[in-house]
2 protein chains.
Amino acid sequence: MSSVPGWANVDERRNLPPALAVSTVILGIRRDPEGGPGKLCLPLVRRIRQPHAGSWALPGGPVGSRESLGQAAGRTLAETTGLHPSYLEQLYTFGDTDRSPTHRLVTIAYFALVNIEEVGTRVPDENVAWFDVDDPQIAEMAFDHRKIVDYALWRLANKTEYGQIAHRLLGERFTLAQLRLVYEAILGKELDPANFRRQLNNTASIEATDEYLAGGKHRPPRLYRYLGHGPDPMEVDTSK
Amino acid sequence: MSSVPGWANVDERRNLPPALAVSTVILGIRRDPEGGPGKLCLPLVRRIRQPHAGSWALPGGPVGSRESLGQAAGRTLAETTGLHPSYLEQLYTFGDTDRSPTHRLVTIAYFALVNIEEVGTRVPDENVAWFDVDDPQIAEMAFDHRKIVDYALWRLANKTEYGQIAHRLLGERFTLAQLRLVYEAILGKELDPANFRRQLNNTASIEATDEYLAGGKHRPPRLYRYLGHGPDPMEVDTSK
DNA sequence: GTCGTTAGAGTCATTCTGACATTAACTGGA
DNA sequence: TCCAGTTAATGTCAGAATGACTCTAACGAC
C-alpha cells in the first residue's frame, strides 16, 4: 500500500470521522425548438476549491447536524442553483474509501426532476451551467460524480412507473404529445402516437381536462393532468 | 421544542459528528414441510446496550474508516449472525435527526438474500433468532428498524427482475416448482405451473440441465440453473 | 374555399396471458 | 405385476394486449 504524492497518507486519516455530504442529480428535458425529441440535461457547478478545482461537479454540500438528509439535498440545491425541484428521491450512498484524495467522504446522492419550464434558467453565475447528459465536456467530472450521473440515468430508464416522473418534468397540465416526448427521451426510442394514447387510457393514471392548448398553428391538443399516487414510500416530500 | 426525559438535549449534540452505521435486512424463505408456499423470514439480534436494550434489531454496526460501506455490511453481518449472503444490495440511507435518542445516527441499510439451506441455521447464541416477517413479536423493533424491514419487503415485491433474486435464494440448481414457490412467496399469490414454465422458457434467463432431482416419491423433476447477468450496476460483489 | 399539419379514433394481424385439459414418469400398495 | 395416486411437463383455446397502419376531425395559412 503505497502513498500517492499529494494525497494524504491513508493512515493519517484513520481515526478522523467521515465527512457526510449530499449531492443531487437533477434532470430536466431541454425542448427541441423543431419539436424533435427533447434531451435530458442537468445543471452542474464548477468547483472552486481543491480537490478537483475547476472540474464540474454535482450541486451539493455537507449535511447539517439538525437537518434530515433530504432537507440537506434540497437546501444545498437551492443555495447553489436556485432550483426548487418538484421531485426528490434518494438515489444511492457512495462511501468507498478512495472517493476523495484528502479525506474519507460519504455522499448520499439524490435524484431530482425539474420542470421543463425551468431548464436553463436560474443560473446565478458563470460557475453554474446546464449540460446535456451526453455532452463530451462532462465525460469526466469531479470525484466519482460521473458514475453517480450514469447510475441516475440507469435508474430513470428502469423505472416501472413513469407516470409521476413525466408529470414532474412537465408540470400540472400537458398534452399527450408532450408526454410522449418525455417517454421517448427516457426510453431513447420513438413511440407510436396512437398506441401511446391507447395505453394511457387503459391505465387510469391521467385524466383528460376540458381545456385545450391554444396558440399553435394547427389543431389545438387537449390538455391532460396526472392523477397522483406515488408508489415509492421513500419519496421525499418537497411540498414543505 | 421540549426536552424529553432521559434523552440528550438536542443542542448538546449539535456539533458532534454523526455516527455512521450499517444495518442489513437479510431475507430467506422458510420451507413449508407440507410443500405449501414458503414464508419470508429474517434473523434479528437482541440489543444488549441502551438505547432500546432488549429489543430486536437488524444485524449491523459502525462503519470502519478503511472499509467500504458494502464491506462493512458484510463484515457486521458475519460477526453477528455468521451468515455470508450471496446477494447484497444497498437499500436506503436513513438519516432523520430523531432516529436515536442519544446521538445523530445515519444508517446505510443493506438488503441481502440468504440461501434457503441456511435459513434457521448458524445461530450463535440466544441473542440471535429468526422471525417470519409477519410475526407479531417483531411488529415493533428497535430504532426505526421496522420501517427498514417494511421498505425492504416493498422493494422486493416491486423488483422487475426476479430471476437473480430467486436464484440467490435457492442456490445453484433448482427445480421449476421450487422457483415457482419463491415467486409465490414474494408476490403473495399462487401461480399456474404451466404458464409459469412457459414464461420462463421465453425469457432465456434460466437453462435446463440434464440432471433430475432424485429421491422424491413421484416423477423426478428436471433441474435448472440461472444464467447470470445482474441488471443493477450497484449490486455489491460478495465474491471477494 | 383548399392545402398542409397535427389531434385523435379505428382496424387488423400477431403475440401474450390465464384457465384448463392432457400426457408422461415415478412410487407404493394390492 | 398391475393399478391407483401423485407430480412433471406439454398442449389447447379464448380473451387481452401489442405493434403497425389507416382514416377522420380540427385547426391555421393562403
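Our structure is the block above this text.
From a predicted model like this one, the values you see are computed outputs, not experimental measurements.

1. Section: the sheet that holds strand β10 (residues 222-226) of chain A
All names here are of chain A. Reading across the sheet, the three strands line up as β8-β10-β9 and stay open at both edges, with antiparallel pairing between neighbours. The open sheet terminates on both sides in strands that have one partner only, identified here as β8 (173-175) and β9 (206-212). Pairs of neighbouring strands in the sheet enclose a mean axial angle of 45°, with direction left out of account. Bridging between β8 and β10 involves three bridges; their strand directions are antiparallel. From the neighbouring strand, F174 faces β10, where its bridge partner is Y224.

2. Points about the protein's contact with DNA strand C
Near DNA strand C there are 18 residues, and of these R219 and R222 of chain A together with R198, K217 and R219 of chain B occur at the shortest range. If you look at DNA strand C and keep only atoms within 4 Å of the protein, 59% of those are sugar or phosphate atoms. Taking R219 of chain A, its side chain carries an N or O atom lying 2.9 Å from a base nitrogen of DNA strand C. The contact in question runs from a phosphate oxygen of DNA strand C to an N or O atom on the backbone of R222 of chain A, over 2.8 Å. Those elements that place two or more of their residues in the surface near DNA strand C are α5 (193-202) of chain A together with α5 (193-202) of chain B. Ranked by residue count, the leading element in the surface near DNA strand C is α5 of chain B, at four residues. Residues that form the surface near DNA strand C fall into these classes: five nonpolar, five polar and eight charged.

3. Some words on the protein's contact with DNA strand D
Around DNA strand D sit 18 residues, and of these R198, K217 and R219 of chain A together with R219 and R222 of chain B come closest. Near the protein, meaning within 4 Å, the atoms of DNA strand D are sugar or phosphate in a fraction of 60%, with bases accounting for the rest. N195 of chain A is positioned with one of its side-chain polar atoms (N or O) 3.0 Å from a base nitrogen of DNA strand D. Between R219 of chain A and DNA strand D, the recorded distance is 2.9 Å, taken from a side-chain N or O atom to a base nitrogen. If you list the elements that add at least two residues to the surface near DNA strand D, you get α5 of chain A together with α5 of chain B. If one sorts the elements of the surface near DNA strand D by residue count, α5 of chain A sits on top with four residues. Residues of the surface near DNA strand D, tallied by class, amount to five nonpolar, five polar and eight charged.

4. Re the side chain of R99 of chain B
Residue and element names in this part refer to chain B. Assignment of secondary structure puts R99 in the loop between β5 (87-94) and β6 (105-113). A distance of 3.0 Å separates the side chain of R99 from the backbone oxygen of L105, its partner in a polar contact. Non-local contacts of R99, meaning those with residues more than four positions away in its chain, are made with F94, L105, V106, T107, F143, D144 and I148.

5. Remarks on the environment of R75 of chain B
Residue and element names in this part refer to chain B. Within the fold, R75 resides in helix α1 (residues 69-81). Each C-alpha atom of the pair R75 and G61 lies 9.0 Å from the other, and the pair is 14 residues apart in sequence. A polar atom in the side chain of R75 sits 3.1 Å from the backbone oxygen of P62.

6. Structural notes on the nonpolar core
With 43 residues, the main nonpolar core has L27, L42 and L179 of chain B as its most contacted residues. Of the residues that make up this core, three or more belong to each of domain 1 (10-157) and domain 2 (163-226) of chain B. Beyond its immediate chain neighbours, meaning those up to four positions away, L27 of chain B contacts C41, L42, F111, A112, L113, V114, V133, L153, L156 and L169 of chain B. Counting residues in each nonpolar core, the second largest holds 42 residues, with V25, I148, I165 and Y183 of chain A among its members.

Cut-offs applied
Residues numbered from 1 in each chain as written. Chains lettered and ligands numbered in written order. Predicted model: local features only at pLDDT ≥ 70, side-chain atom pairs only at ≥ 80, totals over all residues. Heavy atoms only, no water. Pairing = 2+ DSSP bridges. Helix = DSSP H or I, 4+ residues; strand = E, 2+ residues; numbered from the N terminus. Axes fitted to C-alpha atoms, helices over the stretch in contact; angles between N-to-C directions. Near = heavy atom within 4 Å. Polar contact = N/O pair within 3.5 Å; in protein donor to acceptor, adjacent residues only side chain to side chain. Nonpolar A, V, L, I, M, F, W, Y, C, P; charged D, E, K, R; others polar. Contact = heavy atoms within 4.5 Å. Core = buried A, V, L, I, M, F, W, Y, C linked by side-chain atoms within 4.5 Å. Buried < 20%, exposed > 50% of the residue type's maximum accessible area, 1.4 Å probe, protein only. Domains from an automatic or database assignment.

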